[in-house]
Amino acid sequence: MFAIGLIKEGKTPNDNRVALTPSQCKWLQQHIPACTIKVQHSDTRCFTDNEYKQAGIELTDDLSACDILLGIKEVPIDMLIESKTYLFFSHTKKKQPYNKKLMHALVDKNITLIDYECLEHEDGQRIIGFGFFAGVVGAHNGVMAYGNRTGAFELGRVYKHKDYRELIHTYFGLRLPNIKIAVTGSGRVAHGILEIMNLMGVTEVEPDEYLERKFSYPVYVQLKGHDLYTHKELKTYKREHFHENPQQYRSRFLPFTRCTDILMNGIYWDVNYPRLFEKEDIDESFTIQTIADITDDMNGSIPVNLGDQTIEEPVYGINKKTFQKTEPYIHDSIDVMAVGNLPNELPRDASRYFGEQLLKYVLPDLLGKGSDIITRATILNKGKLTEAFMYMEDYARH
């Protein structure tokens, strides 16, 4: 008999998403008799306690009887229960300094940590995540910021709408000027961005057309790995070689900085990857006015990302000469939209999508005999680093 616990989110600022919706919990208990689910009381979840109760799910404050605990964001150290199996986004696999104490606590408490971010198919494709809705909200906010800057049109806030379906209705009648939008990436985030581009009536064009032509209507270009990077000597791009040897590559993005109005950034980035551009590339020929950095790595692929904003105030300005943070929408600045929890603006839709992937690809293996997918995503097994994550030994050690 397995007992799954849905934990109350404890990180500040509060996250209101959930790993499983009430209907998904109900389905799981009905179809896997050996599984019971307990939900920790919470007054901030996007699905209320009462909705879980109506679905026949037990509510409690104490999850110590559960074997597996599901969360979303990092669990505060004082909320960790010893010797349990946890699934959440730990933000530790890049040895992030701000979560070093969390890693130490996970080790000390003999916890088994399965990180959602590390759940991948054999080819490295991510299995689970909120990327699609991050792309949706980030794209909307990027276009909204450009409208606020130019006064050409007005878009409201995503979080003020009940759900995704209601949001879509706000695009009826929206007429964008003849802007050029560059979209980077090919994963779930990019798919979310493209969804909004198409709903807003923005036309896709090829990279060479985008660079060479002027248009009388709004257009976007999707730039994938081979469009963005090239080997410094061989002038080629091979995906696997790039991921194994990113330092041998340089960015090909610079020409796009000279004809783009809005940049929607949805590429994965690592410290060894080339940036899309550098601060010194921001000169008179640099036309980008608004950057929606949905990937949101501080000083990452976007060198003028100076850190997170909040959902309430998602945009800040960057002075083009000093690169200091300013108020948004100032003439001699670039506007940056950078928020770490964008899917929180559509929490019910994002949670439903997330839970579907969890039910299809993760929980059957987790509740059964396990799988290579689960093994590859297990950073800690009873407080000890697994073989694939031994590179984190110095990070995990006190």
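Remember, predicted model here, so these are calculated numbers, not experimental data. (Residues numbered from 1 in each chain as written. Predicted model: local features only at pLDDT ≥ 70, side-chain atom pairs only at ≥ 80, totals over all residues. Heavy atoms only, no water.)

(A) Highlighting the UniProt feature "active site" (unreviewed entry) in the protein chain. If you check UniProt for "active site" (unreviewed entry), the listed places come out as Lys-73 and His-91 in our numbering. What stands out for the annotated residues spanning 19 residues is how close their C-alpha atoms remain, the widest pair being 8.6 Å apart. Of note, Lys-73 is situated in the loop between β4 (68-70) and β5 (85-88). Setting aside its immediate chain neighbours within four residues, Lys-73 contacts Glu-9, Lys-11, Asp-15, Arg-17, Phe-88, Phe-89, His-91, Gly-340 and Asn-341. Relative to the helices and strands, His-91 is located in the loop between β5 and α3 (100-108). Contacts of His-91, omitting those with residues within four sequence positions, involve Lys-73, Glu-74, Gln-96, Tyr-98, Asn-99, Asp-115, Glu-117 and Tyr-395. In terms of polar contacts, His-91 uses its side chain to reach the side chain of Glu-74, at 3.2 Å. (UniProt positions renumbered as here; feature names shortened; annotations may be inferred. Helix = DSSP H or I, 4+ residues; strand = E, 2+ residues; numbered from the N terminus. Contact = heavy atoms within 4.5 Å. Polar contact = N/O pair within 3.5 Å; in protein donor to acceptor, adjacent residues only side chain to side chain.)

(B) Main features of the sheet that holds strand β18 (residues 384-385). The mixed open sheet is built from 8 strands, whose spatial order is β3-β2-β1-β4-β5-β6-β17-β18. Whereas interior strands pair on both sides, the edge strands pair on one side only; in this sheet they are β3 (58-60) and β18. Relative to β5, β4 runs parallel, the two sharing 3 bridges. Opposite Ile-68, over in β5, you have Thr-85 as the bridge partner. The strands touched by helix α1 (residues 22-31) are β1 (2-6) and β2 (35-40); relative to β2, the strand with the most contacts, the crossing angle is about 155 degrees. (Pairing = 2+ DSSP bridges. Axes fitted to C-alpha atoms, helices over the stretch in contact; angles between N-to-C directions.)

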